[in-house]
Amino acid sequence: MRFGSVVWLLPLFFALAAAQIGFQNVFNLPKNVGNTVKETVSGAFKTENYGEFFKTYGKAAWSEAEKKVHEAEYLLSQQLVDLTNAGKKGYTLGMNAFAAVTNAEFLKFFTGNSKSATGESKASADREEAAPPTTKVPDAFDWRTKGGVTPVKFQDECGSCWAFATTGAIEGHVFRSTKKLPNLSEQNLIDCGPLDYGLNGCDGGYQEYAFAFIKDQQKGVQNSASYAYANKQDKCKYNAANKAAEIKGFAVIKPKDEKTMKAVLATWGPLACSVYAPKSLLLYKEGTYADEECNKGEVNHAVLVVGYGSENGKEHWIVKNSWGKEWGEGGYFRLPLGSNYCGIALECSYPIV
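These remarks concern the structure in this document.

Conventions used here
Residues numbered from 1 in each chain as written. Predicted model: local features only at pLDDT ≥ 70, side-chain atom pairs only at ≥ 80, totals over all residues. Heavy atoms only, no water. Helix = DSSP H or I, 4+ residues; strand = E, 2+ residues; numbered from the N terminus. Buried < 20%, exposed > 50% of the residue type's maximum accessible area, 1.4 Å probe, protein only. Contact = heavy atoms within 4.5 Å. Areas by Shrake-Rupley, 256 points an atom, 1.4 Å probe, with all protein chains shown as cover. Core = buried A, V, L, I, M, F, W, Y, C linked by side-chain atoms within 4.5 Å. Domains from an automatic or database assignment. Expected span 1.5 Å × (residues − 1). Axes fitted to C-alpha atoms, helices over the stretch in contact; angles between N-to-C directions. Parallel < 35°, antiparallel > 145°, perpendicular 65-115°, else oblique. Left-handed = near helix turned anticlockwise from the far one by under 90°. Nonpolar A, V, L, I, M, F, W, Y, C, P; charged D, E, K, R; others polar. Salt bridge = Lys/Arg side-chain N within 4 Å of Asp/Glu carboxyl O. Pairing = 2+ DSSP bridges. Phe/Tyr/Trp six-rings, centres within 6.5 Å; stacked < 30°, edge-to-face > 60°. Disulfide = S-S within 2.5 Å.

**Looking at the overall build of the protein chain**
Logical step 1: Scanning the protein chain for helices and strands turns up twelve helices and twelve strands.
Logical step 2: Within the span of the protein chain, comprising 353 residues, buried residues form 55% of the whole.
Logical step 3: Considering only intrachain contacts with a sequence separation of at least 6, the fraction spanning at least 24 residues in the protein chain is 76%.
Logical step 4: Carbon and sulfur atoms form 52% of the exposed surface of the protein chain, whose accessible area is close to 15300 Å².

**Thoughts on the nonpolar core**
General note: in soluble globular proteins, nonpolar side chains tend to be found buried as a group.
Logical step 1: F110, L271 and W317 are the most contacted members of the largest nonpolar core, which has 91 residues in total.
Logical step 2: If one sorts the elements of this core by residue count, helix α9 (residues 161–178) sits on top with eight residues.
Logical step 3: In terms of domain composition, this core takes at least three residues from each of domain 1 (50–100) and domain 2 (106–352).

**A look at α9**
Logical step 1: Its 18 residues place the ends of α9 26 Å apart at the C-alpha level, agreeing with the 26 Å of an ideal helix rising 1.5 Å per residue.
Logical step 2: With respect to burial, α9 is a largely interior element, 15 of its 18 residues being buried.
Logical step 3: Two residues or fewer past α9, K179 is found with a positive phi of approximately 70°.

**Quick word on helix α11 (residues 207–218)**
Logical step 1: Counting buried positions along α11 yields nine of twelve residues, so the element is predominantly enclosed.
Logical step 2: Buried within α11 are the following residues: Q207, E208, Y209, A210, F211, A212, F213, I214 and Q218.
Logical step 3: Where α11 terminates, the next one or two residues include K219, which has phi positive at roughly 60°.

**What about the packing of α9 against α11?**
Logical step 1: α11 packs onto α9 with a crossing angle of 60° between their chain directions and a minimal axis gap of 8 Å. Viewed along their axes, α9 and α11 adopt a mutual orientation that is oblique. The two elements α9 and α11 meet at a crossing, and its hand is right-handed. On α11, the residues that touch W162, T166, A169 and I170 of α9 are Q207, A210, F211 and I214.
Logical step 2: Residues belonging to the contact of α9 with α11 are distributed by class as follows: six nonpolar, two polar and no charged.

**Looking at the pattern of salt bridges**
Logical step 1: Counted under the stated rule, the structure contains 19 salt bridges.
Logical step 2: Linking E347 and K115 is a salt bridge whose minimum nitrogen-to-oxygen distance equals 3.3 Å. In this pair, E347 is assigned in the loop between β11 (332–336) and β12 (348–352) and K115 in the loop between α6 (103–109) and α7 (117–123), connecting sequence segments 232 residues apart.
Logical step 3: Overall, E347 belongs to the buried group, its relative accessible area being 13%.
Logical step 4: One salt bridge in this structure joins K262 and E315, with 2.9 Å as the shortest N-O distance. Remark: E315 occurs in strand β10 (residues 314–320) and K262 occurs in helix α12 (residues 258–267); sequence separation between them is 53 residues.
Logical step 5: Among the residues examined, K262 registers a relative accessible area of 16% and is labelled buried.
Logical step 6: Each of E120, R127 and E208 takes part in one network of salt bridges that share partners.

**A word on the pairing of strand β7 (residues 271–275)**
Logical step 1: Counting buried positions along β7 yields five of five residues, so the element is predominantly enclosed.
Logical step 2: Of the two faces of β7, the one holding L271, C273 and V275 and the one holding A272 and S274 are both buried throughout.
Logical step 3: With five bridges joining them, β7 and strand β9 (residues 301–311) adopt antiparallel strand pairing. What sits directly across from L271, in β9, is V305.
Logical step 4: Of the strand pairs in this sheet, β7 and β12 are connected by two bridges, and their pairing is antiparallel. Looking at β12, one finds that A272 is bridged to S349.

**Points about the packing of aromatic side chains**
Logical step 1: Counted by the stated rule, this structure contains 22 aromatic pairs.
Logical step 2: Their ring planes at 75° and their centres at 4.9 Å tell us that Y206 and Y209 sit as a pair that is edge-to-face. Residues Y206 and Y209 agree in their burial class; the two are buried.

**Regarding the environment of D82**
Logical step 1: With respect to the helices, strands and loops of the structure, D82 is situated in helix α5 (residues 64–86).
Logical step 2: When the C-alpha positions of D82 and G94 are compared, they lie 8.5 Å apart, and in sequence the two are twelve residues distant.

**Some details on the state of the cysteines**
Logical step 1: All told, the structure shown has four disulfides when counted by the stated rule.
Logical step 2: Shown here is the disulfide that connects C158 with C202, its sulfur atoms set 2.0 Å apart. Taking the sign of the S-S torsion, about -95° here, the bridge from C158 to C202 comes out left-handed. One end of the pair, C158, is in the loop between α8 (143–146) and α9; the other, C202, is in the loop between α10 (186–192) and α11, with 44 residues separating them in the sequence.
Logical step 3: On the accessibility criterion, C158 (0% relative accessible area) is buried.
Logical step 4: For C202, a relative accessible area of 15% corresponds to the buried category.

Set out below in structure tokens:
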């Protein structure tokens, strides 16, 4: 992939300039970046250049160096969108609220998959291996059409994707069991999930550790109506009286076993899975995301797989993300099925209800 040489050098030039005033001032922007995206996801993206982008979504508090760093990212995003879409790859990118986000901001605010030795020690006793259902599964299946998926949510400026994957999986499995769909609180897990379970609020966690915590220590999870999302970690305020779901444990699918993924999805419920999200995924608009960069890194993000289908003879996974409903296909994206694309089949688990 080739970019104009001048544009390519902009981030380096501005990064060096920014370093003179301090890395923290330029890249660690939880309020600026988070609020920028929050304002945008409430409506359509309508800017045509960085000047309009900044007037509409930028922050007066940004220094000149910060403005230039984000302008460089915006220009690179435009180059990537144009080159990708011209290549007719089967998916398209588009300029959106994330167009000026730097890589450091992306990793800090919009991912959050994190494993640890302490978390593994807690979760290992509860971890079961999935036994594939023996029933024949349909060629296509989507829990959204069954009523088993809550509306798309937004993790905002918090590395809490793990909490959204966890609640989404429990919501779906409770629905399959009871025909009632709870809307569970990610904030409950962000505030109350302890470090000895490998859960670190907005600084990352892992869905299997969260399942173990809910089963063993908290004995349930609260509903979102009584424990609303705050976009930051706060003191634990868990109230068992508002508990909306319990689980008996959790099971994991053997890595790269996409056949069992399909069987579990169509029989029991959605899957909480890890995925490698390259920064280009922030600009995803529609189609089956088949960016080869997606296969060159280790998993860093947690998502919810809610179904599978096919288009033009090629199978795909249907994936619920936590970047707001204005992103992608109404907050969802599709990945190729059958080749462990983006690492989607490496770390999939589901609650036992």
